[in-house]
Amino acid sequence: MKKILALLLALAMVFALASCSVEKAPENTGSADPDASGDNQGTEQVEITWWAFPTFGNDTGYEEELIAAFNEVHPEIKINLTIIDFTSGQEQLTAAIEANTAPDLLFDAPGRIIEYGKAGKLVSLDDMFTDEMKADVSEAVQSACSDGTTFWMYPLSSAPFYMGINLEMFQAAGADQYLNLEGDRCWTTEDFENACKALADAGYVPGIVYCGGQGGDQGTRALVSNLYGAHIANDAMTEYTMNSAEGVEAMTLLQEMVNAGYLDVATDMVASQELEMFQTQNCAMTFCWGTSNAISYASEDFTQISVPFPSDDGVPELETLHNGFCVFDNGDDAKAAAAKLFAQFICDDAEWGPKSVVQTGAFPVRASFGNLYEGNEEMELLSSWTQYYADYYNTMDGFATMRVEWWNMLQRVLASGGDPQTELDTYVANSNAALNG
Amino acid sequence: MSQSPVLRRRETVVSYLFLLPALFFFVGFVVTPMAMGIVTSFTDAHMGGSKFVFLDNYIKLFQDPVFLKSMLNTVIIVVVAVPVVTVFSLWVGSAIYEMRASARSFFRCVFYLPVVTGSVAVVVVWRWMFHTYNGLFNHVLVGAGILDKGFPFLGDTRTALACVILILFTTSIGQPIVLYVAALGNVDSSMVEAASVDGATRMQIFWKIKWPSIMPTTLYVVVITTINSFQCFALIQLLTSGGPDYATSTVMYYLYDTAFKQYQYGYADAMGVILAIVIALFSALQFKVMNGGTTE
Amino acid sequence: MTNDRKRSYVIFSIVLLVVLAILFLFPLYWIVTGSVKAKADILIKAGESVRWLPFTDISPTGENYAKLMKSTTELFTLNAFGYKITGPEIPMAMRWLFNSVFISVMAMLLSCITASLAGYVLAKKRFYGRAFIFTLFVCAMALPKQVILIPLLSLASTIGIANSPWAVICPVVGWPFGVFLMKQFSETIPTEMLEAARIDGAGEARTFWSVVMPLIKPGFGALAIFTFINAWNEYPLQLVMLTEQEQKTIALGIAALQSSDSTDYGLIMAGAALAAVPIIIIFLIFQKYFTQGITMGAVKG
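1. Description of the overall build of chain A
Check the secondary structure of chain A and you find 17 helices and 11 strands. Computed over C-alpha atoms, the radius of gyration of chain A comes to 24 Å, within 12% of the 22 Å expected from 2.2 N^0.38 for 437 residues, which places it in the range of a compact globule. Dimensions of chain A along its principal axes, counting C-alpha atoms only, are 75 × 65 × 50 Å. Relative to its full complement of 437 residues, chain A shows a buried share of 50%. Sequence-distant contacts, at least 24 apart, represent 77% of the contacts inside chain A between residues at least 6 apart.

2. What to know about the overall build of chain C
Helix and strand content of chain C: 15 helices and 4 strands. Expressed as a percentage of contacts within chain C between residues at least 6 apart in sequence, the contacts between residues at least 24 apart total 73%.

3. What to know about helix α12 (residues 251-260) of chain B
Across the 10 residues that make up α12(B), a large majority, 10, are buried. The complete set of buried residues in α12(B) reads B:Val251, B:Met252, B:Tyr253, B:Tyr254, B:Leu255, B:Tyr256, B:Asp257, B:Thr258, B:Ala259 and B:Phe260.

4. Remarks on the sheet that holds strand β9 (residues 304-307) of chain A
Residue and element names in this part refer to chain A. Strand order in this open sheet of 3 strands is β8-β5-β9, and the pairing throughout is antiparallel. At either margin of the open sheet sits one strand with a lone partner, and together these are β8 (285-289) and β9. In this sheet, neighbouring strand axes are inclined to one another by 30° on average, regardless of whether the strands run parallel or antiparallel. Strand direction decides the pairing type here: strand β5 (residues 162-166) and β9, joined by 4 bridges, are antiparallel. Directly across from Asn 166, in β9, lies its bridge partner Gln 304.

5. So, the pairing of β5(A)
Residues and elements named next belong to chain A. Most of β5 sits out of view: 5 of its 5 residues are buried. Direction of pairing for β5 relative to β8: antiparallel, over a ladder of 3 bridges. Bridging across to β8, Gly 164 finds its partner in Thr 286.

6. Some thoughts on the nonpolar core
The biggest cluster of nonpolar side chains holds 293 residues, and the ones touching the most others in it are B:Val120, B:Leu235, C:Ile254 and C:Ala272. The element contributing the most residues to this core is helix α4 (residues 92-124) of chain C, with 15 residues. Apart from the residues within four sequence positions on either side, C:Ala272 is in contact with B:Ala121, B:Val124, B:Val125, C:Ile31 and C:Ile254.

7. Points about the interface of chain C and chain B
Opposite the 67 residues of chain C that make contact, chain B presents 72 residues. No other element matches the 9 residues that helix α1 (residues 3-35) of chain C contributes to the side of chain C that touches chain B.

8. A look at the domain arrangement of chain A
All names here are of chain A. Under the domain assignment, chain A is made up of domain 1 (47-158 + 321-378) and domain 2 (160-320 + 392-436). Facing 18 residues of domain 1, the contacting portion of domain 2 comprises 18 residues. Listing elements by their share of the side of domain 1 that touches domain 2, those giving two or more residues are α4 (110-118) and β10 (320-327). Grouping the constituent residues of the side of domain 1 that touches domain 2 by class yields 7 nonpolar, 9 polar and 2 charged.

9. Brief notes about the pairing of strand β4 (residues 154-160) of chain A
Along a regular strand, successive side chains alternate from one face of the sheet to the other. Residues and elements named next belong to chain A. Of all the 7 residues making up β4, 7 are buried; the element is thus mostly covered by neighbouring parts of the structure. Where β4 lies against β10, 6 bridges are found, and the strand directions are antiparallel. Across the sheet, residue Pro 160 finds its bridge partner in β10, namely Thr 320.

10. Quick notes on the sheet that holds β10(A)
Residues and elements named next belong to chain A. An order of β2-β1-β3-β10-β4-β11 is seen for the 6 strands of this open sheet, with the pairing classed as mixed. Across the chains shown, the open sheet's two edge strands, defined by having one partner strand only, are β2 (77-83) and β11 (363-364). Along the sheet, helix α13 (residues 333-348) contacts β1 (46-52), β2, β3 (105-108), β4 and β10; its crossing angle with β1, the most-contacted strand, is approximately 55°.

11. Topic: the domain arrangement of chain C
Residues and elements named next belong to chain C. By domain assignment, chain C separates into domain 1 (3-61) and domain 2 (72-300). Contact with domain 1, which involves 8 residues of that partner, is made by 7 residues of domain 2. Broken down by element, the residue count for the side of domain 1 that touches domain 2 peaks at 5 residues, all from α1. Across the side of domain 1 that touches domain 2, the residue classes tally to 4 nonpolar, 2 polar and 2 charged.

12. Some thoughts on helix α8 (residues 174-185) of chain B
Residues and elements named next belong to chain B. Under the 1.5 Å per step criterion, the end-to-end length of α8 is 17 Å for 12 residues, consistent within 8% with the ideal 16 Å. In terms of burial, α8 is a largely internal element, 10 of the 12 residues being buried. Those residues of α8 lying buried are Gly 174, Gln 175, Pro 176, Ile 177, Val 178, Leu 179, Tyr 180, Val 181, Ala 182 and Ala 183.

13. Some thoughts on the packing of α8(B) against helix α10 (residues 202-230) of chain B
All names here are of chain B. At their nearest, the axes of α8 and α10 sit 10 Å apart, and the two run at 160° to each other. Compared by their axis directions, α8 and α10 come out roughly antiparallel. α10 is crossed by α8, and the crossing has right-handed handedness. Residues Gln 175, Pro 176, Leu 179, Tyr 180, Ala 183 and Leu 184 of α8 lie in contact with α10, whose contacting residues are Lys 210, Ile 214, Thr 217, Tyr 220, Val 221, Ile 224 and Thr 225. When its residues are assigned to classes, the contact of α8 with α10 shows 9 nonpolar, 3 polar and 1 charged.

14. Concerning the environment of C:Ser154
For C:Ser154, the location among the structural elements is in helix α6 (residues 149-158). In this structure C:Ser154 comes out as partly exposed when scored by C-beta crowding, with 18 C-beta atoms within 10 Å.

15. Considerations on unusual backbone geometry
A positive phi angle, near 70°, is found at A:Arg185, a position not held by glycine. A positive phi angle, near 65°, is found at C:Asn163, a position not held by glycine. Here C:Asn163 is to be found in the loop between α6 and α7 (166-174).

16. Points about the environment of B:Leu219
All names here are of chain B. Inspection of the secondary structure assignment puts Leu 219 in helix α10. The class of Leu 219 is partly exposed, set by 19 C-beta atoms lying within 10 Å. Once the C-alpha coordinates of Leu 219 and Val 6 are considered, the two residues, 213 residues apart in sequence, prove to be 42 Å apart.

17. Things to note about the confidence of the model for chain A
When pLDDT is averaged along chain A, the result is 85, and 90% of the positions lie at 70 or above. Low confidence marks residues 16-42 of chain A, where pLDDT is under 50. Its contacts with residues over four positions away, or in another chain, come to 37 contacts.

18. Focus on the confidence of the model for chain C
Residue and element names in this part refer to chain C. Predicted confidence across chain C gives a mean pLDDT of 81, with 85% of residues reaching 70 or more. In the model of chain C, strand β2 (residues 77-80) stands out as the element of lowest mean pLDDT, 57, in contrast to α7, which has the highest, 93. Across the assembled chains, the prediction reports ipTM 0.83 with pTM 0.82.

19. Focus: the environment of B:Ala200
Residue and element names in this part refer to chain B. Along the chain, Ala 200 falls in the loop between α9 (189-197) and α10. Residues Ala 200 and Asp 245 lie 45 residues apart in sequence; the distance between their C-alpha atoms is 53 Å. Discounting residues that sit within four places of it in the chain, Ala 200 has contacts with Ala 195 and Ile 205.

Cut-offs applied
Residues numbered from 1 in each chain as written. Chains lettered and ligands numbered in written order. Predicted model: local features only at pLDDT ≥ 70, side-chain atom pairs only at ≥ 80, totals over all residues. Helix = DSSP H or I, 4+ residues; strand = E, 2+ residues; numbered from the N terminus. Rg over C-alpha atoms; globule rule 2.2 N^0.38 Å. Buried ≥ 20, exposed ≤ 12 C-beta atoms within 10 Å, placed from the backbone. Contact = placed C-beta atoms within 7 Å. Pairing = 2+ DSSP bridges. Axes fitted to C-alpha atoms, helices over the stretch in contact; angles between N-to-C directions. Core = buried A, V, L, I, M, F, W, Y, C linked by C-beta atoms within 7 Å. Domains from an automatic or database assignment. Nonpolar A, V, L, I, M, F, W, Y, C, P; charged D, E, K, R; others polar. Expected span 1.5 Å × (residues − 1). Parallel < 35°, antiparallel > 145°, perpendicular 65-115°, else oblique. Left-handed = near helix turned anticlockwise from the far one by under 90°. pLDDT = per-residue confidence, 0-100.

Here it is as structure tokens:
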């Protein structure tokens, strides 16, 4: 009995060690050698990994369609897909980068990508920005793709971020009188305040200022900066500036509204949870609405209307979302080349390029794609909002720290009753320390 | 036990052969990373590279309000959880010890289940029950008219840490109960009988007869609960992400946050070193008490 | 003490125990029932009563499990000698469960082997460096593993085991608690028996195999259980080491479900049930050994 047990232990050991060494083999060699891939014919086989945030929508299967279409043209490139979420995706990326198991291709936005590029983790995409491409894509988008010297992101589409409202709730509370649905939907801070009051009085949760983490934090930044025209950073992008008089005024207003019960604050939620509250009709508006969230969090039970953020002069400044790809430097030229080829296929292919843009629900970065939403009034209205694009601060130094400081500042002011001026000063000081340090 | 130098040399060779597998894993995966961590803590290592900064990280740590708050929270968790777990498990242990065997094993099993299932499965359900809008507790409280609208248990600085400690309590009480039931089984029952014949009260029997023989178990329970409480991480990561306003941030969580969200590895490693020193101090103290308290 | 007071104390303690037991069992009940609720039943709406009871309130549905099992993958893939061996196709969630089991079982087996060898010589041999090594083991024991997460990550990537189960197994096995435990068990071995074996001409390996092993057998039970549960619940290490979808453990899987679909409670509960129920069944079957192992580990340790 004892011997059998011990023998079993030993056998299991041997089996374990054996399975270990074979399992490791493909990861190390990257199966770049044709031997490893069994029955494949002739051409050099490359296997790359692709990580994607769900920018093409949750569970749509579009990524798989793309891979299948790409493999018809390039059967020699095998693509392993992993979808990561906005809550824990960043930590997983950090862990993977530090462990040298970073994906070859990542579908993300400039904030993180430029940071990775500056840290030397990416492959330069300068060769993909051909003269033809540069002529087709606006200067603003190009500058969002680079840190000033090197292009790190290959752009697919861009769109503004704005708010979403539950029309039926607004109507039931009589708050729809404050909306400007006939015009271009721009509204003022006063309208917003009145609407929230009406909604709260009617027993609804008007909106939830989420600040439990950084997922979708651009929404709360846009809300605060629009209320009285404050700016996240100065024009030269050399300093964070939210502790201005306008910023303090905005935070003071939000604090008062929260204290009066006209807004909720949720220190245990990030945007995805707030969006789910909106989708399940637990709150009347969301601060993180956008073309792709409108797809992911659609509902048949009520009418979702997109509106810009309210501002004192009725002229909003909207945050921009750029979607694009970056290629990690995993020390293998064949993989980097394959990843670039695939990125190019997704963005530029005559058939799949426009399809991908539409799948993100955003607007193409390439002028030559033309109007992909012909006859869609809603999209044409949204497209007109691109004139309200604010300066793009996501590629500034210290961005990662600024985001952490941001939601903590919101928590201190809105949940713990901190003084807006003091807390904004702390937030700005810490962010600038990271920017300069 | 005296040995000749020749024999001892032979023993040394044999002993190291036997130790080899354990040392391989221990040196390779515990000592080496620990040394690497200490070295990194003297650098400003971040995603792009690193340079030597000597004690800067440590100086910065003691001026970092978030770190100090996280340290305070960690100590609060340990200081609250350890006595509560110890006293409660002792009480439950003695209460179920006097029951029939079947009832005893039923309760022992119930209290041990959260340990087995692991914190992740437990936390996802607690998080849902505490939810401001969808949670069971708020539904019941609002339905009963106690609250007007949902209360953010996990989102309020006054209640969040208490929620963390409550869940920590449910996942740590199982093992001590099992230990106490076993320890009470070792109490000399003839002495207990003799004492009650002599008219000793319940309390007297407990303190004079039972307590001395369960003392070693108590010390062991205190040590493991302390280590568990210091390690409280999954709970916080999944329940509150350290919020609101760092009210539930522990050193372990802040370390993770600094490294994986802000890419400051050197700074995070310095926190690790400080935490290790604090735990070492706590443990040394407890080991000392433990060795002094047992006569084994 | 009067009988009345005694009786009221007993009643009080039973009531309190039952209340506590409900507090402990309720989350599990909520997981299991939640996992079979339809989406419309699971969200608690204001003004409606909660759907508590199975069968009357809840009509069980398998839709959450169906959704959980939707995406599939291979049980394993092996590339060896120019061949690629692929396991049968299984749901991703089952693969996560398999990964958890693999990690826990491997850590358990390896710990038993390394710790029993090391514990024995530390207890019974007098050799140069013994005090130093033992002190090192004891000092390291008190540290939380998470403190060395970041250096471990770069170490794992250097030796090429990041994103494989071994990145979790090796640090768990390296943790010196097992050595400490087995040393305590080995100290109960009578030295005369070892002497006798030597006089009979048995070598060191043989002595260990036929004299020491049978005597420290109870220790294996304790150590195996500790290591299994430790590895199963070693969440932080799993979190940073295993980032690829196929390599995740069941705990990571549920955590990911929670962050990507935070209000699809049915799906999350199905995942939690998948993580909790198998190990609960194992626990109930081996309950006796669990309690024995824990007790012995504590008494000896």
